[in-house]
Amino acid sequence: MTSTSIPVIDILPLVNLAADPTPTKSIPDEAQNVALQIAEACQTVGFFAITNHGVDHFVVNDALSAARDFFSLDSTIKSAVFMTETYPYGYENYESLGIHCARNDDDHSSSGSNNVLCRGNNNKNSNAISATTPQKLAPDSKETFSIGPINPLKSKMPPRQFPPFTSPSFALHLSKYFEVMEQLAQILFRGLALALQLEDPEWFLREGVFDEGHQCALRILNYPLLQLELGDEDVNEVDVQRDPIIRAGAHTDYGAFTILKSGGPGLQLQLSGGTSGKGKGGEWINVPHLPDAFVINLGDLMQRWTNDRWRSTLHRVVAVFDEAENKDGITKAGMKTTETTNVEDNKKKKVHQSAQRQSIAFFVNMNGDAKIVPFSTCVDEKHPSRYDEILASKYLIQRHAQSMGQTTK
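Right, let's walk through the structure included here. (Residues numbered from 1 in each chain as written. Predicted model: local features only at pLDDT ≥ 70, side-chain atom pairs only at ≥ 80, totals over all residues. Heavy atoms only, no water.)

**What to know about the overall build of the protein chain**
Helices and strands together make up the secondary structure of the protein chain, namely nine helices and 22 strands. For the protein chain, buried positions account for 51% of its 409 residues. Looking at the protein chain alone, contacts between residues at least 24 apart form 77% of all its contacts between residues at least 6 apart. Working note: accessible area of the protein chain is about 18900 Å², and carbon and sulfur atoms make up 50% of it. (Helix = DSSP H or I, 4+ residues; strand = E, 2+ residues; numbered from the N terminus. Buried < 20%, exposed > 50% of the residue type's maximum accessible area, 1.4 Å probe, protein only. Contact = heavy atoms within 4.5 Å. Areas by Shrake-Rupley, 256 points an atom, 1.4 Å probe, with all protein chains shown as cover.)

Below you can see the structure in the form of structure tokens.
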């Protein structure tokens, strides 16, 4: 894997623009410059990080703390509100919401049958997963909890549900974070409109496109502690850098874009993948962890909307093992070990450890009735329109069905 830097964009001019979005007001040069940076990032990488975003760090810290507390609860409490076919939110311990999992064997990708609590882990709180070989460590080893829009009538989505017997602050902090992400999405939509040279910076924020009827989803994620126990004879055969342990399988997101608050390193992207999720041979690139920034990645719907000018990029999350000195005194990722002795065979084991962490993803989805047809600024003689008009909700249903190996009419 290669370490690189995705574009880091200071969006303060867009924040200031949102504070006074007067229709007759000319767009400041600073905001236009931010839009140019966004356009370049969306066309070349499909990922960028934002700073000076105006989000109160207390709101972020409260949400992350609420996530930690929730995932430490007994599994019976966490699963009291479980994701079902009729309720696409709630608790789950496999991957299914808002992404397209790749089907490549070498990506250790998942389907809906993957269940972290049912594969070699009987701890009631799911705080640690242990194994003796990398193959026995479950791919997509995580658990999640999601909520949808606050307005079920306008969004046409089910009302929010929170598990009973959780702290009242859990619902409070997640709901507040959701509200703040709605505001940040509006700021970013103005930047995207400028980047696409649309006639109005408020284009995406029009009634029926992205208003109170949007279908956004917030998801908190918990990546449990991973422990890989190796005997002396196994140590030289395992290279977690060459063959990383997958924590979230390779996928693209369905919607317009995603706002990610990462709890640590491990996110990787592959520029050769695209929305098919079938890219092979491309090198996986490490996305740096920036504590004070949000990571933005485009979704499949935005790639379609821009007639494939902008890209929805294949990405995944891998286990990042703690660093420690090896026997030669050299620090190397993946080599932190704790020696233990197996009582039965009196053999020493070395335990490689990847710390538990949480992250929060906000999936930005349009109103269900929003009409998605390639923008005129993305269509010309050399780039004719590749897609017919489709409703946003229908497109999301199609993408979900495709990820499940189903077909839709």
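**Concerning the environment of His-173**
For His-173, the position within the fold is in helix H6 (residues 168-195). For the pair His-173 and Asn-61, spaced 112 residues apart in sequence, the C-alpha to C-alpha distance is 9.4 Å. Those residues in contact with His-173 that sit more than four places away from it in its chain are Asp-62, Ala-63 and Ala-66.

**Some details on unusual backbone geometry**
Most peptide bonds take the trans configuration, and most residues that are not glycine carry a negative phi. Of note, Gln-197 is a non-glycine position whose phi angle comes to about 60°, a positive value. Along the chain, the position of Gln-197 falls in the loop between H6 and strand E8 (217-223). Accessibility expressed as a relative area gives 65% for Gln-197, which makes it exposed. Notably, Asp-308 is not glycine yet its phi reads approximately 70°, a positive angle. According to the relative accessible area criterion, Asp-308 is partly exposed, its value standing at 24%.

**Thoughts on the sheet that holds strand E3 (residues 47-51)**
Read from one edge to the other, the open sheet built from eight strands follows the order E2-E3-E14-E11-E20-E8-E7-E4, with strand pairing classed as mixed. Each edge of the open sheet carries a strand with a single partner, namely strand E2 (8-10) and strand E4 (90-92). Averaged over neighbouring strand pairs, the angle between their axes works out to 25° when direction is ignored. Sheet topology note: the E4/strand E7 (residues 143-147) ladder contains three bridges and is antiparallel. Its bridge partner lying in E7, Glu-92 is registered against Thr-144. Here H6 sits on the sheet in contact with E3, E7, E8, strand E11 (257-261), strand E14 (294-298) and strand E20 (357-364), set at roughly 130° to E11. (Pairing = 2+ DSSP bridges. Axes fitted to C-alpha atoms, helices over the stretch in contact; angles between N-to-C directions.)

**Re the pattern of salt bridges**
Counted under the stated rule, the structure contains eight salt bridges. Put simply, Glu-212 and Lys-154 hold a salt bridge, and the shortest N to O gap is 2.9 Å. Highlighted residues: Glu-212 in the loop between H6 and E8 and Lys-154 in helix H5 (residues 152-155), separated in sequence by 58 residues. (Salt bridge = Lys/Arg side-chain N within 4 Å of Asp/Glu carboxyl O.)

**What to know about the packing of aromatic side chains**
Tallied over the full model, the rule gives 19 aromatic pairs. Aromatic side chains Phe-189 and Phe-210 sit 4.9 Å apart centroid to centroid with 55° between the ring planes, which places their arrangement in the tilted category. With Phe-189 in helix H6 and Phe-210 in the loop between H6 and E8, the pair connects residues that are 21 residues apart, well separated along the chain. Pair check on accessibility: Phe-189 and Phe-210 agree, each one buried. Between Trp-203 and Phe-375, the ring centres sit 5.3 Å apart and the planes meet at 75°, which makes this aromatic pair edge-to-face. On the criterion of sequence distance, the pair formed by Trp-203 in the loop between H6 and E8 and Phe-375 in the loop between strand E21 (371-372) and strand E22 (390-391) is long-range, its members being 172 residues apart. This pair shows no difference in class: Trp-203 is buried, exactly as Phe-375 is. (Phe/Tyr/Trp six-rings, centres within 6.5 Å; stacked < 30°, edge-to-face > 60°.)

**What to know about the nonpolar core**
Soluble globular proteins: nonpolar side chains tend toward being buried together. Formed by 94 residues in total, the largest nonpolar core has its most connected members in Phe-189, Phe-204, Phe-257, Ile-259 and Met-366. Considering each element in turn, this core owes the most residues, 15 residues, to H6. If near-sequence neighbours (up to four positions away) are discounted, Phe-257 is found in contact with Ala-185, Leu-188, Phe-189, Leu-192, Ile-296, Asn-297, Leu-298, Gly-299, Phe-362, Phe-363 and Val-364. Among the nonpolar cores identified, the runner-up in size contains five residues, and Leu-226, Leu-228, Ile-245 and Ala-319 belong to it. (Core = buried A, V, L, I, M, F, W, Y, C linked by side-chain atoms within 4.5 Å.)

**Some thoughts on H6**
One full turn of an α-helix is made of 3.6 residues, so residues set three or four places apart face in the same direction. Across its 28 residues, H6 extends 41 Å between first and last C-alpha, which sits within 8% of the 40 Å expected from 1.5 Å per residue. Following H6 by one or two positions, Gln-197 has its phi on the positive side, about 60°. (Expected span 1.5 Å × (residues − 1).)

**Examining the packing of helix H2 (residues 29-44) against H6**
The geometry of H2 relative to H6 is characterised by a closest axis approach of 8 Å and an angle of 80° between their N-to-C directions. Relative to H6, the element H2 is oriented roughly perpendicular. Contact with H2, carried on its side by Ala-31, Gln-32, Ala-35, Ile-38, Ala-39 and Cys-42, involves Gly-191, Leu-192, Leu-194 and Ala-195 of H6 and no other residues of that element. Looking at the contact of H2 with H6 residue by residue, the classes come out as eight nonpolar, two polar and no charged. (Parallel < 35°, antiparallel > 145°, perpendicular 65-115°, else oblique. Nonpolar A, V, L, I, M, F, W, Y, C, P; charged D, E, K, R; others polar.)

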